[in-house]
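Okay, here's what each chain looks like letter by letter:
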Amino acid sequence: MSSLTGHPPRRPPRSILPWLATPALVVFVGFAVIPLVGVFALSFTTWDGIGTIHPSGLTSWRAVLTDPGLPHALWVTFLVMAVSWAVQTPLSILLGTFLAGRQRYRAVLGVIYFVPLMLSSAAIAIAYKALLDPNFGLGAGLGLQLLSQDWLGRPGLAFGVVVFVVSWQFVPFHSLIYQGGVQQIPHSLYEAAQLDGAGRIRQFFSITLPQLRYTIITSSTLMVVGSLTFFDLIFVLTEGGPGDATRVLALDMYKRGFQASLMGPASVIAVILVLLGLALALLLRRLGGRDAGASQLEGA
């Protein structure tokens, strides 16, 4: 009706705006803040998950922080984080830039590339575990000696398999982010570069990458923080093995809490994961910075 009369649409009063955010705030408090406070409180107790909860002060914290296995789990967690980021980021940028083209077949490819993200992590792990079986897997079926190795029984190979499967599953999601970022870059920049004689490779490094700066920060934040919660895929694929080669913090938390019935130490690791996630997110935000001119140009 407002478009017919020529009058601009009326905005809701500012006094109503806080109330519009109330449902989201209630959900956030109920499903994020309260459980987090509960886990923090459990970290100062002794509990087997069934019986009575007994306050124990810093006993659980001392047990976890003095455990020689904690530095190794931290190292594996950060190693998976760094290597998976180094693999996913270039592939996601290239695929996202490719899918941002105007050809029709690229839309079809975009749908195909997105399929891995629609699958369950546990189902993906089961499938790859079967395919990589040295006796009955893909290598044995095709008669290829290279694929018939003990992929999940050797520490280096098992770690590589975990990084590969993680990247295979989540590259489509980040490619979608970069696709949206590339489509927001003003086309006039590429037209000016073409007039100056710049080829596609020069345009990519001089225009596309600089304009994707904040998109890279956003994607990297999701990658880094998300890598702290890798559990189901690693649990089904390797169970942290061989030995402790792929035992990340999230898996260590599960084994302490649900296999050893040590909910106090498990809660301590959960708190450590939350603190690490917050610290890394703030660090990436600080490294990304934001100047008004560049941000406005990117979103133009």
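Residues numbered from 1 in each chain as written. Predicted model: local features only at pLDDT ≥ 70, side-chain atom pairs only at ≥ 80, totals over all residues. Heavy atoms only, no water.

(A) A look at the overall build of the chain. Within the chain, the regular secondary structure consists of 17 helices and two strands. For 300 residues, the compact-globule estimate of 2.2 N^0.38 gives 19 Å, and the chain exceeds it by more than 25% at 24 Å. The C-alpha extent of the chain, read off along each of the three principal axes, is 70 × 65 × 35 Å. Intrachain contacts of the chain at a sequence separation of at least 6 include 67% that bridge at least 24 residues. (Helix = DSSP H or I, 4+ residues; strand = E, 2+ residues; numbered from the N terminus. Rg over C-alpha atoms; globule rule 2.2 N^0.38 Å. Contact = heavy atoms within 4.5 Å.)

(B) Fine view of the UniProt feature "domain: ABC transmembrane type-1" (unreviewed entry) in the chain. Feature annotation in UniProt places "domain: ABC transmembrane type-1" (unreviewed entry) on residues 74-284, given in this structure's numbering. Secondary structure within residues 74-284 divides into 76% helix and 0% strand; the distance between the first and last C-alpha atoms comes to 19 Å. (UniProt positions renumbered as here; feature names shortened; annotations may be inferred.)

(C) Spatial organisation of the side chain of arginine 256. Its location among the elements puts arginine 256 in helix α15 (residues 249-259). What arginine 256 contacts, discounting residues up to four positions off in sequence, is Val64, Asp67, Ser261, Leu262, Pro265, Ala266 and Ile269.

(D) Structural detail: the environment of arginine 104. Its location among the elements puts arginine 104 in helix α6 (residues 104-113). On the basis of relative accessibility, which here comes to 77%, the residue arginine 104 falls in the exposed class. Along the primary structure arginine 104 and leucine 189 are separated by 85 residues, whereas in three dimensions their C-alpha atoms are 23 Å apart. (Buried < 20%, exposed > 50% of the residue type's maximum accessible area, 1.4 Å probe, protein only.)

(E) The domain arrangement of the chain, seen in detail. What the domain assignment lists for the chain is domain 1 (35-66 + 262-285) and domain 2 (76-247). Centre-to-centre, using C-alpha coordinates, domain 1 lies 31 Å away from domain 2. Summed over both partners, the interface of domain 1 with domain 2 buries about 630 Å², with 87% contributed by carbon and sulfur atoms. Looking only at domain 1, the three residues that lose the most surface to domain 2 are Leu273, Leu280 and Leu284, adding up to 68% of its buried area. The interface formed by domain 1 and domain 2 contains zero salt bridges. When the residues that make up the side of domain 1 that touches domain 2 are grouped by side-chain class, the tally is five nonpolar, one polar and no charged. (Domains from an automatic or database assignment. Buried area = accessible area lost by both parts, 1.4 Å probe. Salt bridge = Lys/Arg side-chain N within 4 Å of Asp/Glu carboxyl O. Nonpolar A, V, L, I, M, F, W, Y, C, P; charged D, E, K, R; others polar.)

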